[in-house]
Amino acid sequence: MFTNSKLSKAVRLAFAFGAASSMLAAGAVSAQTETEEEEAKAEKTERIQVLGSRIRTDGLDSATPVTIISAEIAKDQGLSTLGELLRTSTIAAGSSQLISALSVGFVTAGGAGNESISMRGLGANRTLVLLNGRRAGPAGTRGQVAAFDLNSIPLSAVERVEVLKDGASSLYGSDAVAGVINIITKKGDGSNVTVSLDQPFESGGENYRINATYGKTFDRGSFRVVGDYNMQTELARGDRDFFACNQRMFYSQTTGERTDPIDPRTGDYHCSAAQYGVWIFNYAPGASNFRPAIKAQYDYDGFFQQANRPTFDSLITAPGPNNISVPNGWYPVSYDKDSDGWADADHPFQDRQSMIPESKVASVFMMGDYDLTDNISAYSELTLSQRKTSVNSFRQFWTAQLAANGYIFGGTVDGWDGSVGYMPVAMTDHTGTETTVNYSRYVLGLEGSLGDWNWDISYQNSYNKGEYDTKVILFDAMLMAQNAVYGGPCAGAVSPVSGKNCVTVDWLSPDHINGNQPQQVKDFLFDTDYGRTSYRQQTFDAYITGDLFELPAGMVGVAVGGSLQQDKLNDIPGEATLAGNLWGSTGAGITRGKADTTAFYSEFYIPLLRDMFLAEQFDITASGRWTDVSTYGADTTYKVSANWVIGSGFQVRASRGSSFRAPALFELFLEGQTGFLNQTGNDPCLNWAGRLAEGTIDPRVAQNCQADGVPESYVAPGSSMTSITGGGAGVLEAETSVSKGIGIVWKSPEDTFGFSADYYDVVISGQVSNLGGGTVIGLCYRSENFPTDPLCNQFTRRNGTAGDYGIDTVRGGYVNIAQQKVRGTDFMLTYQDDFDFGSLRVRWDHTVQFERSFKQFPDSTPSQYVGDVGDPKHVGGISTTLTRDDWRYTWNMRYVSGTDDYKYFANENRTTYRGQPSTFVAETPTYILHSASAQTELYGIDVTVGIANLFDKKPPQGSPAGVRTAGNSVLYSQYEFIGRRAFLNLSYDF
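Each chain carries its own residue numbering, running from 1 in the written order of its sequence. Owing to the predicted nature of the model, reporting of local features is limited to residues with pLDDT of at least 70; listing and counting of side-chain atom pairs is limited to 80 or more, with chain, interface and lining totals taken over all residues. Based on all heavy atoms of the structure, the side-chain values leave hydrogens and waters out of the count.

The name given to the chain in an unreviewed UniProt entry is TonB-dependent receptor, with the source organism recorded as Arsukibacterium ikkense. Reading the Subcellular location (unreviewed entry) entry of the UniProt record for the chain gives the comment "Cell outer membrane". UniProt positions are given in the numbering used here, feature names are shortened, and annotations may be inferred rather than shown by experiment. Entered under Sequence similarities (unreviewed entry) in the UniProt record, the comment concerning the chain runs "Belongs to the TonB-dependent receptor family."

Here the focus is the pattern of salt bridges. The rule for a salt bridge is simple: a side-chain nitrogen of Lys or Arg has to be within 4 Å of a carboxyl oxygen of Asp or Glu. By the definition in use, this model includes 40 salt bridges. Here Asp942 makes a salt bridge to Lys75, at a shortest N to O gap of 3.4 Å. Taken together, the residues span a long stretch of sequence, with Asp942 in strand β46 (residues 941–948) and Lys75 in helix α4 (residues 72–77) at a distance of 867 residues. Lys75 carries the same exposure label as Asp942, and that label is buried. Here Asp808 makes a salt bridge to Arg798, at a shortest N to O gap of 3.4 Å. On the criterion of sequence distance, the pair formed by Asp808 in strand β34 (residues 807–811) and Arg798 in the loop between β33 (795–797) and β34 is long-range, its members being 10 residues apart. The buried label applies to any residue whose accessible area, calculated with a 1.4 Å probe on protein chains only, is under 20% of its type's maximum; exposed applies above 50%, and partly exposed to all values in between. On the accessibility criterion, Asp808 (34% relative accessible area) is partly exposed. Take Arg798: its relative accessible area is 16%, and that puts it in the buried class. It is possible to trace a salt-bridge network through shared partners that takes in Glu72, Lys75, Asp76, Arg888 and Asp942. Put simply, DSSP H or I for four residues or longer makes a helix, DSSP E for two residues or longer makes a strand, and each gets a number counted from the N terminus.

Right, let's get into the sheet that holds strand β1 (residues 66–70). Spatial strand order, β1-β4-β5-β2-β3: 5 strands in an open sheet with mixed pairing. Of all strands in the sheet, those with a lone pairing partner are β1 and β3 (134–135), marking the two edges. The pairing of strand β2 (residues 127–131) with β3 spans 2 bridges and is antiparallel. Within the sheet, the bridge partner assigned to Leu131 lies in β3 and is Arg134. Strand pairing is defined by DSSP finding a minimum of two bridges between the two strands.

Let us look at the packing of aromatic side chains. Each aromatic pair joins two rings of Phe, Tyr and Trp (for Trp, the six-membered one) with centres within 6.5 Å, and gets the label stacked for planes under 30 degrees apart, edge-to-face for over 60, and tilted for any other angle. If you walk through the whole model with that rule in mind, you get 39 aromatic pairs. A ring pair is formed by Phe835 and Phe837, whose centres lie 5.0 Å apart and whose planes are at 5 degrees; its orientation type is stacked. With relative accessibility at 35%, the residue Phe835 sits in the partly exposed group. The ring of Tyr760 has Arg120 sitting right over it, with the charged end atom 3.6 Å from the ring centre. Think of it as a cone above the ring: NZ of Lys or CZ of Arg counts as a charge over the ring if it is within 6 Å of the ring centre and within 35 degrees of the ring normal. The residue whose ring lies beneath Arg258 is Tyr269, and the NZ or CZ to ring-centre distance is 3.9 Å.

Turning our eyes to something else, we now look at unusual backbone geometry. Following Ala284, the chain continues to Pro285 via a peptide bond in cis, the omega torsion being 5 degrees. Note that Pro285 resides in the loop between β11 (277–282) and β12 (295–298). Omega for the bond connecting Phe786 with Pro787 falls within 30 degrees of zero, at 5 degrees, which places this linkage in the cis form. Along the chain, Pro787 falls in the loop between α17 (773–782) and β33. The phi dihedral of Ala293 falls on the positive side, at around 70 degrees, and the residue is not glycine. Along the polypeptide, Ala293 turns up in the loop between β11 and β12. In this structure Ala293 comes out as partly exposed when scored by relative accessible area, which is 28%. Unlike most non-glycine residues, Leu614 shows phi in positive territory, near 60 degrees. Structurally, Leu614 is set in the loop between β24 (591–612) and β25 (615–629).

Below is the structure:
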């Protein structure tokens, strides 16, 4: 531990945040003589090393805008994971983050259960995460592994998190576009056992954690070991009323009363989620009892018969053989407002869908250091973690490939007659994933001094091994079972890809449609696909820092260094996925690639003024970096920052720098692949006229579909479209960005008040973005520039043969788009003082976003996202702590401003439902959450007890036609999904 070196702590803490200006200050200390005054200054410098210069624990004094988040916040607010802790910061709350709840039902970067952090909403792969100042390699599953999974490090090992809120590629390399998050672990002596319980007032979503720590410091070194086990129980949709089956939430434009149909089963507004039953299509000469959008619903409980509901026969206006004729027990629904209410879309399977998946994380963290000599010390770190996440869900499936249009012609199956086609849409709970992520990381390093210079050499190796088992529906089995309807081979035949013995499927049986398929049918149609992902990152970093010469204002410091980095990704999806044998899902190829990165960097710290009028201190810091990436090429970045301490507590800080991000391995090496997308859900022109009448389509989209020649009669989906995607190796260029910032800081003379305001401006050029097939089509038809929008050239539409106007082929993939820009200001105000009743501390953090814009192409009009749902203009929080005697009381409030998405609709919130002028809800009000806790020591045990979401705030409610929801609850990370919950933390030191 550098027993005889006055620089021991300075060098250690300097490296804790990498080769930044903090290192330079360490060198400036080395030239001083060993006196008591020097030791006091060295101790003062120790505080400087973490983040810059003259740092306080709240980050106000830093030369760069820094937020310090203490892990104590997690204990006081009942937070269970590192991701939850980081989301308390306004740099994360201003945009929707990837949380485990949002990985359910969506293919997300890193796979199911992954949690990452996206500073300023610029993306997790543009936020660099460090662990004790060194890179933390990516973790997760599937090909899109690029960011660190915050589940990989136990919260119990964390002392604090330091957030550098501006670009820093010149200091830390690629990925530090939006900023840097440095996770600092606990060090030194300390042995502890902690148990944490988090219990919602309603069942579901409980969290349990136990961890143990043992740390020891001895003459020449120290070590620390942390073991942690965390179990997050599942929160299913059925556990919370606000996740219940979604209603339309339509309101009359004149009276404001609900225009939703009533469900006679419940007496409440109708559930309009995933419907199941038989879709019907009219063929010439046509059935007189056909109605647009009519469907057949089976009377499972006899409710239709008891209510004497209309039958298909009662709808006949002209008798004859062409009319719809169905077996007993089937009733017409969905052809007018009244029958909409009778359509059953509230299947029991949806209550079992995971909203927060069950996740079990076991982890071990170890670190140590040892003084080899008085001037050389060795150090090491080891992280081992395993996460297992289980996701349950449900889905529809239907005869999409049958006779090229998905319908069974009348007269083909006994009891189903008429000049119509029948498409059975069934339910299944055979969907979901089981994910296991094993992550390991170790660091070996040496640090020391050479005269007045300090050096550090380190090697980091992280390895991620992930397994993802996905429940799938087999395309070849579905095709074979559908073809059997018209006499195709089945009995004794074997499916060509999956090699399963064919089983005849009774597609139109009530049990099949209700999700009660016979086991032999499930064994034939369904399977589990087993995918594997590995990612290894190795880095070697070395730097040296010291003083060059002395100016009147102080020593000029320099830091120079270099690094080598190698990244390897290998994602091998399951056999069915590789073979393109998935029904209702796209296939994926092997994503395999490697990148080698070499970098050299330098930084200069130049003190220009000291102890002058209006300039107690004025310093300039300049850094530059040359980086060469084997998959891209070489580039340079720079950063210049100024720190001006005016006097009387006032300080001004400013910076300007460039950054770049080389394309991630998955963006480059995703194997060119062909998949299939269903027309339903991907072609916005399908049944555009009917949906316009229902009020479930944007009128602009309907207008563009009509202009594209798609007729009103196009209501039946044809065969799947072909989707072509692939990586951009040889085409993609690196993203580049420029970050600017200026801020002012004030502290009262007695240090009671502190205030900072920091303006930020980040512009990313050539941003890499993945445009999926559905996105390409949707953006084209939503475009004001239709049909000249460049995206409209990325797909072809069929010519209407046999009534099929569906999309034939769509091309997507990774491309460099024009620009993304964010601007805003971060505010912080602190107050602390002692009174007779105790010590009081108040901290207010607030971020206002001025701009968050996105340009798809150079000639595109920028899209502004500030104020959209998920991107509030204002976010903030107030934390108040009172310490009195042996008790600490904490009250915390977090808030986000109101948002809305109405600008994305041609008529804002106005629509029509069954011809009735209506409005829908695509907005959220100002949303405020409170938590309260108390902490004390009882019989040697540290006890913290509290309530989170104190007033049981529910998520905002919205219309599914206008905003992303689960049920009617708006599904973005700023909102609370569990409800009011009590938490308890028991900690014992020994």
